[in-house]
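Coordinates in review
Now for the letters of each chain:
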Amino acid sequence: MSKRVLTMITVTALAAAVALAAAGIFLRQNREPAWADAGAPDLVARGRIVYQQSCAACHGARLEGQPNWRQPNADGTLPAPPHDVTGHTWHHPDQMLFDITKYGSASVAGAGFKSAMPVYDGVLDDADIWAVLAFIKSHWPPDIQAAQSARSGDTRR
């Protein structure tokens, strides 16, 4: 093999390696979050906006939920629960909260479960759902965040 051919192969291989590395960095930086990171200020700020636009009407501007949230309405649905520490949101792992938000409560509780919670699949993208969850979690004290993270199998903390 000539020196010229070997040089062309080397240059081509290096160019391909650089392109693959750049693509990998781009994809890692631009992929959707895979969990609700309450310690990520940009994610929490995004979640605050989405929450106010899409969730606060039912769950309250201060995450307080609706009155008598444990008592079924006349139609059998439950009022919106609080997302602060007085509610049960923090008792559930991140993926379950994501699934409830995206696919509806019945996706987790079973087809017979009645809920007034809208399905956000096709309404909010995955990143917005994770951001809302991060915003909600950011309001919990550290001990509650730690307990919920343990339920989520979160080893990043």
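Residues numbered from 1 in each chain as written. Predicted model: local features only at pLDDT ≥ 70, side-chain atom pairs only at ≥ 80, totals over all residues. Heavy atoms only, no water.

Some words on the overall build of the chain
Across its full length, the chain carries seven helices and zero strands. Beginning at the N terminus, the succession of helices and strands in the chain can be written as α-α-α-α-α-α-α. Going through the 157 residues of the chain one by one, you find that 33% of them count as buried. Taking the intrachain contacts of the chain between residues at least 6 apart in sequence as the baseline, contacts between residues at least 24 apart amount to 55%. In the form shown here, the chain has an accessible surface area of approximately 9,600 Å², with 61% of it arising from carbon and sulfur atoms. (Helix = DSSP H or I, 4+ residues; strand = E, 2+ residues; numbered from the N terminus. Buried < 20%, exposed > 50% of the residue type's maximum accessible area, 1.4 Å probe, protein only. Contact = heavy atoms within 4.5 Å. Areas by Shrake-Rupley, 256 points an atom, 1.4 Å probe, with all protein chains shown as cover.)

What to know about the side chain of Thr77
By the element assignment, Thr77 lies in the loop between helix H3 (56-59) and helix H4 (94-103). Of the polar contacts made by the side chain of Thr77, one reaches the side chain of Asp75; its length is 2.6 Å. (Polar contact = N/O pair within 3.5 Å; in protein donor to acceptor, adjacent residues only side chain to side chain.)

Some details on the layout of surface pockets
Its volume calculated, the largest pocket comes out at about 700 Å³. Along the lines of polarity and charge, the residues of the lining of the largest pocket split into 23 nonpolar, 11 polar and one charged. (1 Å grid on protein atoms, 1.4 Å probe; cavity = no way out; pocket = protein on both sides within 12 Å on 5 of 7 lines; lining within 4 Å. Points joined across faces, edges and corners; volume = space filled by probe spheres on them. Nonpolar A, V, L, I, M, F, W, Y, C, P; charged D, E, K, R; others polar.)

Describing the packing of helix H2 (residues 41-54) against helix H6 (residues 126-137)
It is the contact of H2 with H6, at a shortest axis distance of 7 Å, that shows an interaxial angle of 100°. In terms of axis orientation, H2 runs roughly perpendicular to H6. Contacts from Leu43, Val44, Arg46, Gly47, Arg48, Val50 and Tyr51 in H2 reach Ala127, Asp128, Trp130, Ala131, Val132, Ala134, Phe135 and Ile136 in H6. (Axes fitted to C-alpha atoms, helices over the stretch in contact; angles between N-to-C directions. Parallel < 35°, antiparallel > 145°, perpendicular 65-115°, else oblique.)

Observations concerning the environment of Ser149
Structurally, Ser149 can be placed in helix H7 (residues 142-151). Residue classification places Ser149 among the buried residues on the basis of a relative accessible area of 3%. Along the primary structure Ser149 and His92 are separated by 57 residues, whereas in three dimensions their C-alpha atoms are 9.2 Å apart.

Describing the nonpolar core
Ranked by internal contacts, the top residues of the largest apolar core, which has 23 residues, are Tyr51, Val132, Leu133, Phe135 and Ile136. Elements with a contribution of two residues or more to this core: H2, H4 and H6. Ranked by residues supplied to this core, first place goes to H6 with eight residues. If we ignore the near neighbours within four places in the chain, the residues touching Leu133 are Ala36, Asp94, Leu97, Phe98 and Thr101. (Core = buried A, V, L, I, M, F, W, Y, C linked by side-chain atoms within 4.5 Å.)

Structural notes on the environment of Lys137
For Lys137, the position within the fold is in helix H6. The sequence separation of Lys137 and Ser149 amounts to 12 residues, and the corresponding C-alpha distance is 9.7 Å. Apart from the residues within four sequence positions on either side, Lys137 is in contact with Ala36, Ala38, Asp94, Gln145 and Gln148.

Here we look at the packing of aromatic side chains
Here the distance between the centres and the angle between the planes together describe a pair of aromatic rings. This model, assessed by the stated rule, comprises two aromatic pairs. Aromatic side chains Tyr51 and Phe135 sit 5.3 Å apart centroid to centroid with 45° between the ring planes, which places their arrangement in the tilted category. In this pair, Tyr51 sits in helix H2 while Phe135 sits in helix H6, placing the two residues 84 residues apart along the sequence. Centre to centre, the rings of Phe98 and Trp130 are 4.6 Å apart; their planes meet at 15°, and the pair counts as stacked. Residue Phe98 is found in helix H4, and its partner Trp130 is found in helix H6; the two are separated by 32 residues along the sequence. Residue Phe98 is classed as buried on the basis of its relative accessible area, which comes to 5%. Using a relative accessible area of 5% as the deciding quantity, one classes Trp130 as buried. (Phe/Tyr/Trp six-rings, centres within 6.5 Å; stacked < 30°, edge-to-face > 60°.)

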